[in-house]
Amino acid sequence: MKSSIRKRTYQAIYRLLDRVSPLDCDCGTLCGAACCTCVSDETEGGPALGIYLLPGEEKVFTKKESWLRWTCEQAEDFDFPDSWHGKIYFVNCLTPPHCPREKRPLQCRFFPLAPHLTPDGILHLILCPDKLPYACPLIEKKLPLNSSFIRATYTVWTHLLRDSRIFDLVQMDSEDREQDGTELYFIR
Ligand code: SF4
Ligand code: SF4
């Protein structure tokens, strides 16, 4: 699937997010890196949970990384917006919780934050409201996150939302939450 976001923009985003983290310490020590090492029922005994890449994010990779397993799917076969057509890439991490930190996908960098568009179109960051197969102490205990991490993540999402397909995805997820009455924890 073509993306309006260039490889060098993704690389700049990766560099910006390399400089920040949710806490000053490694939050993986709080939970045994639960978000990295969790396996789903389908991957029991196999690699950790799959991560989908945003449109064009695959350009940052060679697809020959020995620590990743790649799967290419059709966007139409998954619960993505109608504007998403063609190839999308999923990766499974083969060496969790270890990976080249500067290469970890965006989904790993944003967590536990997620973007949310209110009905008046304002972008907010929220704690990930999805039902997860593991407990994240940052979410469960609502631990205060580094303001540098929050600022950088917000800045990145303002750039990503300029891509119409990424905007459609965030809008779709946000509308679903509003309609379902999902309890949201806004990051101020
Ligand atoms: S983001 Fe949450 S689940 Fe993942 S390592 Fe940090 S505390 Fe653990
Ligand atoms: S790529 Fe790195 S941060 Fe992401 S799940 Fe794998 S080990 Fe964790």
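Residues numbered from 1 in each chain as written. Chains lettered and ligands numbered in written order. Predicted model: local features only at pLDDT ≥ 70, side-chain atom pairs only at ≥ 80, totals over all residues. Heavy atoms only, no water.

### Points about the overall build of the chain
- Per the secondary structure count, the chain includes 7 helices and 5 strands.
- Walking the chain from its N terminus toward its C terminus, one meets helices and strands in the order α-α-α-β-β-β-α-β-β-α-α-α.
- On C-alpha atoms alone, the chain measures out to a radius of gyration of 16 Å, which is about the 16 Å that the 2.2 N^0.38 rule sets for 188 residues.
- Expressed as lengths along the three principal axes of its C-alpha atoms, the size of the chain is roughly 45 × 40 × 35 Å.
- Of the charged side chains in the chain, 23 are positive and 26 negative, and the gap between their average positions amounts to 11 Å. (Helix = DSSP H or I, 4+ residues; strand = E, 2+ residues; numbered from the N terminus. Rg over C-alpha atoms; globule rule 2.2 N^0.38 Å. Lys, Arg positive; Asp, Glu negative; His and termini not counted. Charge placed at Lys NZ, Arg CZ, Asp CG, Glu CD.)

### Side note on the sheet that holds strand E2 (residues 68-74)
- A sheet is described by the order of its strands in space; here 3 strands give the open sequence E1-E3-E2, paired in antiparallel fashion. The open sheet has two edge strands with one neighbour each: strand E1 (50-52) and E2. In this sheet, neighbouring strand axes are inclined to one another by 30° on average, regardless of whether the strands run parallel or antiparallel.
- Of the pairings in the sheet, the one linking E1 to strand E3 (residues 87-93) comprises 3 bridges and is antiparallel in character. What sits directly across from Tyr-52, in E3, is Phe-90. (Pairing = 2+ DSSP bridges. Axes fitted to C-alpha atoms, helices over the stretch in contact; angles between N-to-C directions.)

### Describing helix H6 (residues 147-160)
- With 14 residues, H6 extends 20 Å from end C-alpha to end C-alpha; this agrees with the ideal 20 Å at 1.5 Å per step.
- Looking only at H6, the buried set comprises Phe-149, Ile-150, Ala-152, Thr-153, Val-156, Trp-157 and Leu-160.
- Turning to H6, the residues buried within the fold contact helix H1 (7-18), helix H4 (106-110), strand E4 (113-117), strand E5 (123-127) and helix H7 (164-180). (Expected span 1.5 Å × (residues − 1). Buried < 20%, exposed > 50% of the residue type's maximum accessible area, 1.4 Å probe, protein only. Contact = heavy atoms within 4.5 Å.)

### Describing the site of ligand 1
- In the vicinity of ligand 1, the contacting residues are Cys-27, Gly-28, Cys-31, Ala-33, Cys-35, Phe-111, Cys-136, Pro-137 and Leu-138.
- Listed by contribution, the elements that provide at least two residues to the shell around ligand 1 are helix H2 (28-31) and helix H5 (137-140).
- For the shell around ligand 1, the residue count by class is 8 nonpolar, 1 polar and no charged. (Near = heavy atom within 4 Å. Nonpolar A, V, L, I, M, F, W, Y, C, P; charged D, E, K, R; others polar.)

### Overview of the side chain of Glu-57
- Locating Glu-57 in the fold gives a position in the loop between E1 and E2.
- Not counting residues within four places of it along the chain, the set of residues in contact with Glu-57 comprises Tyr-10, Tyr-14, Pro-105 and Leu-106.

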